[in-house]
Amino acid sequence: MSDEEIIQALQQGNQTSALKKLYQYYPAIRQMILQNSGNRHDAEDIYQETLIILCRKVKENNFQLTAGLKTFLFSISRLQWMNELRKRKKNSSASLDNTNEKEEETEKMNGYIREEEKFKKAEIALMKLGDKCKKLLQLFYAQNKSFKEIADELDFSNEKTAKNQKYRCMEKARENYSNL
Amino acid sequence: MENNLSDKIDQYLDGKMNAEEKSAFEKELSSNETLRQQVEIQNNLRQGIERLNLKSNISSLFKKMTLKSKIYKWGVATVAIAAIGTASYFGYQQVNGNSSANYELPALNEEGTSTWADADKNLPTQLFSIDPAKDTVLETEGGIIFAVPAGAFLGANGPVTLEVREALTPMDIINGGLSTTSDGKQLETGGMFYINARSGETSLKVNPEKPVYANVPTNEIKPGMMLFTGERKADGSINWKNPKPMEKQLVPVDILSLDFYPKGFKVKCAELGFDANNKKVTDSIYYSYSGRGNRDITFGDNGEMTFQEWKKDWIDGCRKASSDGFKDFTDEQVLNFMPQYSETNWGDTMGAALEINPARISAIWNDKFQNTILATKEFEERLQVIFEYGRPEMLDLYINNLDKKMYEIDSMVLSGGYQFEEFYQRHDGGIAIKENHMKKLQEYFNKKREATESAAQKTYNKRIAKETKADQTHSEVTAQQAINDSKRETENLQKELDVNLTEAYKQLGIQRFKPLANVYYSFAIPATGWHNVDRYVLESTLTRTTLDYTDPNSGKKAVIKYEALSITVNNEANYEQVKVYLVPDSLNSFMRVSKNGAAYEEKLNELFNYTIIVVAQKDKKWFWAEQSKAKPGSANVTLNEIAESQLRVNLDRSFTKQAGKDFRSDLDAMIEQHEYFIQLKQRKKQEEIDAAIMPVIFPFYSSSSPATPFDAPPIRK
């Protein structure tokens, strides 16, 4: 799969094959994080977030890869890790910049990261929901399933129940969100 | 928030509003701060949901790609004089050290010479006083953990002082004037330490039989770490030499105290109400599933398949699985349905069974394998990962190499392409075993495995055979009953029709011709004008509706009333197989009443007297109710328990000989059905247990996926 094919696969919702391919970059990114006072958990978290950013970005109409996919993944991971290190104040002078990225490129990537940061609060609110709620909302909003399909999959007696449950789950999430 | 507002916001966010709606909404939005916030929250939540969805996709995929790290839970790598698993520390006494600023180096070092290196002088010394007759565990300021077994020091009597100096950080190493060179070559360091034991002024030697163990903290285990011994040089530096691979000694424990079940198995057993702490119980459950998952291909000398064999197997399997046997296809064409597996990768995802057969576990988890590498915590841990892979050939490597060191076997697993690097890097040792003993164990393993599997298979086959037989008997009985029913219904109809016709003719004042044979639909019409009567009576009898016929010639009427009766059985839900019958007095037969909603409904012919009989069963007991002279309208009956012998007596009383015989055969069917019903309930329970437990034992097995690699051709993605 070329970079373009990977991106196409992601755009067309064919995530599994693309993600499998993207996994090949993980060891290198992990290495970078391990060498810079991170552990394996950090590496996993960072790379996961990087992939989330990529998956969500490619769906935007005007998305264009300026450099290679690998560069993109590396930059995003590296910037995230620098931010994280700064946050931890472990190594405020942390500099992982042995790269030759352009200033504006970095700014753009940082923008991506910040955009996603916004939604992490919502994610926490959602994580506090029960499993069924989480599943239901994902089926409805992320996988665009109909209430009929949702009722089938989650064993609701009918579409109406599924729909009502959806309202209830959203309401609960909203409440969690406001209480954060 | 109101539901339709939530929908509206969704519509807005999805861009599904028309221009008019949209501008109205946006206008509202610009002036209504609450609404604006609500939209923002909803949008954030929706984005969060999408992130969650992605996250679960990514992490489930990652879990498949890499197995989670299992070593770092203590954050400690075992660097050692000889190192030992943390489990062995239990029972050791804890000693705290004190580091003294005024400490002065003794005149002589551990070798009895007066040479001290810069590091000895520059690094602070921590002193620990221990009782050499007791097992002791101590932790240094830098986090090194030493485990000193009783009797570790030769010639110790009275308290022993341990001197420890450590340089674990680059700063310590520089301050200590240490370097990391071995005969001029640069080394990477995992930390350096000095340890010596003294009794008074005398340095003690370590008993080679009972070495001191050390765990040195590290962030990352690096492969190939070795332990170097320091040699003090005249210039105050230390040269590191005599590298030894660091090997962790394995400590055998009672094999029966280990847990060789797949993860979550015992928890599941407990959930299902079994005594999960009783190994006999859990064993019998676990081993009973031997051979129930995917096909377990034996790898090794006797059972290994070649790619050619596997291809042939695949073709045969496809032909068998297809209804027409792929008869129009050549082998080559059938192969085209197979994904592109080649000689080199075919075993990776197919062919090899993705399961660990419980029979294999039964063959190793017993006293025979005490004091082998299998009877160790280290193996227990590996086994869990092997379960995750579901590859029996990984397990077999350990069983077939009991004489090897654990890390040597790990490296074989590693070279098979499995992620066993982390295990390998621990450099776990082995347990000595005589070759003869090992051979015997391997023989035992193969026999025991076969025995367990065939026992489990037999039990399972018996169960299936029993179920199949019951199904068969049941369908035969049901079919016979249906035949009896329809025969009886026809007879009843004929008899009732006869009675009705006689009555109708009587009412109309006409002499009725009796047919010669029991053929009612084709008898001769006695006179013109009368044949209509027969048709009306037949129709009324068939549909069980009231006959109301007026003779067009004489104006006389014939009326035979059918009126509805509705029978309710009190507490019906408490019984099984409730059957309601109506027994007409002059028919020498009975009719089964079918249920309509909550009640049993039938229409009564006014020419008959009916008796209601209800029979039911529950837990192999009989219940009976009888009500004579049933009137149209509704009737309530209450069942009472009755002995089977009494039931038979009642039957003889209620029926004529022929009807009684028929009725008894109906009851026999009922008994059979009752037993079948009970068996079905047991079966359902067993199936529920299977459904709960099988995914734990065989995580890769699903009833919809092929039980053998070829039942359904795999789909190429």
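Considering the overall build of chain A
At step 1: Looking only at helices and strands, chain A features nine helices and zero strands.
At step 2: Traced from its N-terminal end to its C-terminal end, chain A shows the element sequence α-α-α-α-α-α-α-α-α.
At step 3: In chain A, the share of contacts with a sequence separation of at least 24, taken over all contacts with a separation of at least 6, comes to 58%.

Observations concerning the overall build of chain B
At step 1: A tally of helices and strands in chain B yields 19 helices and 27 strands.
At step 2: Per-residue burial for chain B yields a buried fraction of 27% across its 717 residues.
At step 3: For chain B, long-range pairs separated by at least 24 residues make up 72% of all intrachain contacts whose partners lie at least 6 apart in sequence.

As for the packing of helix 16 (residues 435–508) of chain B against helix 19 (residues 657–697) of chain B
All names here are of chain B.
At step 1: Contact geometry of helix 16 with helix 19 gives a least axis separation of 10 Å together with a crossing angle of 150 degrees. The angle between the axes of helix 16 and helix 19 places the two elements in the roughly antiparallel class. You can see that helix 16 and helix 19 cross each other, and the crossing is left-handed. Together, Glu467, Ala470, Thr473, His474, Val477, Gln481, Asn484 and Arg488 of helix 16 and Asp662, Ser665, Ala669, Glu672, Tyr676, Gln679 and Arg683 of helix 19 make up the contact between the two elements.

Quick look at the environment of Leu639(B)
All names here are of chain B.
At step 1: As for its position among the elements, Leu639 is in the loop between strand 26 (633–637) and strand 27 (640–642).
At step 2: A tally of 20 C-beta atoms within 10 Å means that Leu639 is categorised as buried.
At step 3: With 70 residues separating them in the primary sequence, Leu639 and Val569 have C-alpha atoms 7.5 Å apart.

Comments concerning the packing of helix 4 (residues 40–57) of chain A against helix 6 (residues 103–127) of chain A
All names here are of chain A.
At step 1: Where helix 4 meets helix 6, the axes come as close as 10 Å, and the angle between the chain directions of the two elements is 95 degrees. Considered as vectors, helix 4 and helix 6 are oriented roughly perpendicular to each other. In this structure, helix 4 contributes Ile52, Ile53 and Lys57 to the contact, and helix 6 contributes Tyr112, Ile113 and Glu116.
At step 2: A breakdown of the residues in the contact of helix 4 with helix 6 according to their chemical character gives four nonpolar, no polar and two charged.

Considering unusual backbone geometry
At step 1: One non-glycine residue with positive phi stands out, namely Asp155(A), at about 65 degrees.
At step 2: Note on placement: Asp155(A) falls in the loop between helix 8 (147–154) and helix 9 (159–179).
At step 3: Despite not being glycine, Lys629(B) has its phi angle at roughly 50 degrees, a positive value.
At step 4: With respect to the helices and strands, the residue Lys629(B) is situated in the loop between strand 25 (621–627) and strand 26.

Overview of the interface of chain A and chain B
At step 1: With 32 residues of chain A at the contact, the number on the chain B side is 26 residues.
At step 2: Secondary structure elements with two or more residues in the side of chain A that touches chain B: helix 2 (15–22), helix 4, helix 6, helix 7 (131–142) and helix 9 of chain A.
At step 3: Split into classes, the residues belonging to the side of chain A that touches chain B amount to 17 nonpolar, seven polar and eight charged.

Examining the sheet that holds strand 23 (residues 599–605) of chain B
All names here are of chain B.
At step 1: Strand order across the open sheet formed by four strands is 22-23-19-26, with mixed pairing between neighbours. If you trace the sheet from one side to the other, it starts and ends with strand 22 (595–596) and strand 26, each paired once.
At step 2: Bridge analysis of strand 19 (residues 562–569) against strand 23 gives six bridges, and the strand direction is antiparallel. Considered in strand 23, the bridge of Ser566 is made with Glu601.

Some remarks on the sheet that holds strand 25 of chain B
In any sheet, the strands associate via hydrogen bonds between backbone groups, in a parallel or an antiparallel arrangement.
Residues and elements named next belong to chain B.
At step 1: In space, the five strands of this open sheet follow the order 21-20-24-25-27, with antiparallel pairing throughout. A single partner strand is all that each edge strand has here, and the edge strands are strand 21 (591–593) and strand 27. The average undirected angle you get between the axes of adjacent strands in this sheet is 35 degrees.
At step 2: Where strand 24 (residues 610–618) and strand 25 come together, seven bridges link them in antiparallel fashion.

Overview of the pairing of strand 8 (residues 160–167) of chain B
Residues and elements named next belong to chain B.
At step 1: By the criterion of burial, strand 8 is predominantly enclosed, with seven of the eight residues buried.
At step 2: Pairing of strand 4 (residues 126–130) with strand 8, which is carried by five bridges, proceeds in the antiparallel orientation. Across the sheet, residue Ile130 finds its bridge partner in strand 8, namely Val160.
At step 3: Where strand 8 meets strand 11 (residues 192–199), seven bridges bridge the pair, whose relative direction is antiparallel. Its bridge partner lying in strand 11, Glu163 is registered against Asn196.

Re helix 14 (residues 406–415) of chain B
All names here are of chain B.
At step 1: All of the buried residues along helix 14 are Met406, Tyr407, Ile409, Asp410 and Val413. Taken down its axis, helix 14 places every buried residue within 155 degrees of arc, on the same side.
At step 2: At its buried positions, helix 14 is contacted by helix 12 (377–389), helix 13 (392–400) and helix 15 (421–425).

Some thoughts on the environment of Phe655(B)
Residues and elements named next belong to chain B.
At step 1: Among the secondary structure elements, Phe655 is positioned in the loop between helix 18 (644–654) and helix 19.
At step 2: Overall, Phe655 belongs to the buried group, with 21 C-beta atoms counted inside 10 Å.
At step 3: Taking the C-alpha atoms as reference points, Phe655 and Ser589, 66 residues apart in sequence, are found 7.6 Å from one another.
At step 4: Residues in contact with Phe655, not counting those within four places in the same chain, are Val583, Gly660 and Phe663.

Section: the pairing of strand 23 of chain B
Residues and elements named next belong to chain B.
At step 1: As judged from the two bridges shared by strand 22 and strand 23, these two strands associate in the antiparallel manner. If you follow Asn596 over to strand 23, its bridge partner there is Ala599.
At step 2: Count of turn residues in the strand 22/strand 23 antiparallel hairpin: two residues, of which Gly597 carries a positive phi of about 70 degrees.

Thoughts on the nonpolar core
At step 1: Counting residues in hydrophobic clusters, the biggest one holds 43 residues, and the most contacted among them are Tyr286(B), Ile364(B), Ile373(B), Leu374(B), Ile386(B) and Tyr398(B).
At step 2: When residues no more than four places from it in sequence are discounted, the contact partners of Tyr286(B) are Tyr261(B), Phe265(B), Pro358(B) and Ile697(B).

Examining the environment of Arg40(A)
Residue and element names in this part refer to chain A.
At step 1: Position of Arg40 relative to the elements: it lies in helix 4.
At step 2: Classification of Arg40 by C-beta neighbours within 10 Å gives partly exposed; the count is 16.
At step 3: The spacing of Arg40 and Arg30 is 10 residues in sequence and 6.9 Å in space, taken between C-alpha atoms.

Observations regarding the confidence of the model for chain B
Residues and elements named next belong to chain B.
At step 1: Looking at chain B, pLDDT values average 76 and 76% of them are 70 or higher.
At step 2: Confidence, expressed as mean pLDDT per element, reaches its minimum in chain B at strand 1 (residues 76–77) with 26 and its maximum at strand 19 with 93.
At step 3: The model gives residues 344–353 a pLDDT under 50, and that stretch makes 20 contacts with residues more than four places away or in other chains.
At step 4: Overall, residues 516–529 carries pLDDT values under 50, and its contacts beyond four positions in sequence, including any with other chains, amount to 11 contacts.
At step 5: Interface predicted TM-score (ipTM) for the complex: 0.87; the corresponding pTM is 0.46.

Looking at helix 1 (residues 3–11) of chain A
Residues and elements named next belong to chain A.
At step 1: Among the residues making up helix 1, those that are buried are Ile6, Ile7, Ala9 and Leu10. Relative to the axis of helix 1, the buried residues are bounded by an arc of 160 degrees and lie together on one face.
At step 2: Next to the buried residues of helix 1 lie helix 2, helix 4 and helix 5 (69–88).

Here is what the cut-offs are and how they apply
- Residues numbered from 1 in each chain as written.
- Chains lettered and ligands numbered in written order.
- Predicted model: local features only at pLDDT ≥ 70, side-chain atom pairs only at ≥ 80, totals over all residues.
- Helix = DSSP H or I, 4+ residues; strand = E, 2+ residues; numbered from the N terminus.
- Contact = placed C-beta atoms within 7 Å.
- Buried ≥ 20, exposed ≤ 12 C-beta atoms within 10 Å, placed from the backbone.
- Axes fitted to C-alpha atoms, helices over the stretch in contact; angles between N-to-C directions.
- Parallel < 35°, antiparallel > 145°, perpendicular 65-115°, else oblique.
- Left-handed = near helix turned anticlockwise from the far one by under 90°.
- Nonpolar A, V, L, I, M, F, W, Y, C, P; charged D, E, K, R; others polar.
- Pairing = 2+ DSSP bridges.
- Arc of directions from axis to C-beta.
- Core = buried A, V, L, I, M, F, W, Y, C linked by C-beta atoms within 7 Å.
- pLDDT = per-residue confidence, 0-100.

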